[in-house]
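Now for the letters of each chain:
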Amino acid sequence: MSPDYSLRRARTSDVPAIKALVAPLADQRILMAKETVAYYEGLQEFRIAEGEDGAVLGCGALHIMWEDLAEVRTLATADSGRGIGRAILEQLIEDARNYGVKRVFCLTFEVQFFARHGFEVMADQSAVDPQIYSELLRSHDEGVAEFLDLARVKPNTLGNTRMIRHL
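Residues numbered from 1 in each chain as written. Predicted model: local features only at pLDDT ≥ 70, side-chain atom pairs only at ≥ 80, totals over all residues. Heavy atoms only, no water.

Let us look at the overall build of the chain. Secondary structure summary: the chain contains 6 helices and 7 strands in total. Taking all 167 residues of the chain together, the buried fraction comes to 46%. Within the chain, counting contacts between residues at least 6 apart in sequence, those at least 24 apart form 67% of the total. As presented, the chain carries roughly 9100 Å² of accessible surface, and 51% of it is formed by carbon and sulfur atoms. (Helix = DSSP H or I, 4+ residues; strand = E, 2+ residues; numbered from the N terminus. Buried < 20%, exposed > 50% of the residue type's maximum accessible area, 1.4 Å probe, protein only. Contact = heavy atoms within 4.5 Å. Areas by Shrake-Rupley, 256 points an atom, 1.4 Å probe, with all protein chains shown as cover.)

This is the structure:
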């Protein structure tokens, strides 16, 4: 049985729908809400699940952090149980492979979902070598700070779990 949705790259017209998908999850403190400008700035990172009627049913982004490291961000669906989250995640993993990324990171409350897809809880804090660590410290991106487990992001941490998948 083929799904009643398709995956595609995001368009500028999708930003209101992405914000609408994220809003209830942000209200529940599952995802971080972003300013509208941040969605436009990162739009090229997003994949969209689009229903046959053109409705946006889900979204997810892949943010490149370093030569061999990327982060899955803003994975959200309108409803669960249809395989939309799985399909978006699989596409983002394929995108990571196409970029040459060897590791994909996420911050999540959905530990079981990501574990079913090959992610493991990050056991050590030394996920990158010291030279790369010092380069990443120069980033202003909060996701990079979360990945590095920097103290400055602790007040903003939702209490989610750091997970990684080796490709």
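The topology assignment puts His117 in the loop between helix H4 (111-116) and strand S6 (120-121). The buried category is assigned to His117, whose relative accessible area is 15%. Here His117 is in contact with Arg86, Leu89 and Arg165, once residues within four sequence places are set aside.

Side-chain positions along a regular strand alternate between the two faces of the sheet. Strand direction decides the pairing type here: strand S5 (residues 103-108) and strand S7 (residues 161-166), joined by 6 bridges, are antiparallel. In the sheet register, Phe105 faces S7, and the bridge partner there is Ile164. (Pairing = 2+ DSSP bridges.)

A separate point is the environment of Arg11. Among the secondary structure elements, Arg11 is positioned in the loop between strand S1 (5-9) and helix H1 (15-27). On the basis of relative accessibility, which here comes to 43%, the residue Arg11 falls in the partly exposed class. Sequence separation of Arg11 and Leu43 is 32 residues, and the distance between their C-alpha atoms is 7.1 Å. Once residues within four sequence positions are removed from consideration, Arg11 is found in contact with Leu43 and Glu50.

Looking now at the confidence of the model for the chain. Of the residues in the chain, 77% have a pLDDT of 70 or more, and the chain-wide mean is 85. A low-confidence stretch, residues 152-156 (pLDDT under 50), is modelled with 10 contacts involving residues beyond four sequence positions or located in other chains. (pLDDT = per-residue confidence, 0-100.)

Moving on: H1. Taking 1.5 Å of rise per residue, the 13 residues of H1 would be expected to cover 18 Å, and the 18 Å separating its terminal C-alpha atoms lies within 8% of that figure. What H1 keeps buried is the set Val15, Ile18, Leu21, Val22, Leu25 and Ala26. On the buried face of H1, the contacting elements are helix H2 (36-41), strand S2 (46-51), strand S3 (56-66) and strand S4 (69-77). Positive phi shows up at Arg29, right after H1, with a value of about 60°. (Expected span 1.5 Å × (residues − 1).)

What follows deals with helix H3 (residues 84-99). Compared with the 22 Å implied by 1.5 Å per residue over 16 residues, the 23 Å span of H3 between its first and last C-alpha is a close match. All buried positions along H3 are accounted for by Ile84, Gly85, Ala87, Ile88, Leu89, Leu92, Ile93, Asp95 and Ala96. Trailing H3 by a residue or two, Gly100 shows a phi angle of about 95°, which is positive.

Another aspect to go through is the side chain of Thr108. With respect to the helices and strands, Thr108 occurs in strand S5. Reaching out from Thr108, the side chain makes a polar contact with the backbone nitrogen of Glu110 at a distance of 2.8 Å. (Polar contact = N/O pair within 3.5 Å; in protein donor to acceptor, adjacent residues only side chain to side chain.)

Turning next to the pairing of S2. Most of S2 is tucked away: 6 of the 6 residues are buried. Side-chain alternation along S2 places Phe46, Ile48 and Glu50 on one buried face and Arg47, Ala49 and Gly51 on a second face that is also buried. Where S1 meets S2, 5 bridges bridge the pair, whose relative direction is antiparallel. Paired with Arg8 across the strands is Ile48, a residue of S2. With 5 bridges connecting them, S2 and S3 associate as antiparallel partners. Bridged to Arg47 within S3 is Gly60. From the end of S2 to the start of S3, which pair antiparallel, there are 4 residues, and Gly54 there has a positive phi angle of about 90°.

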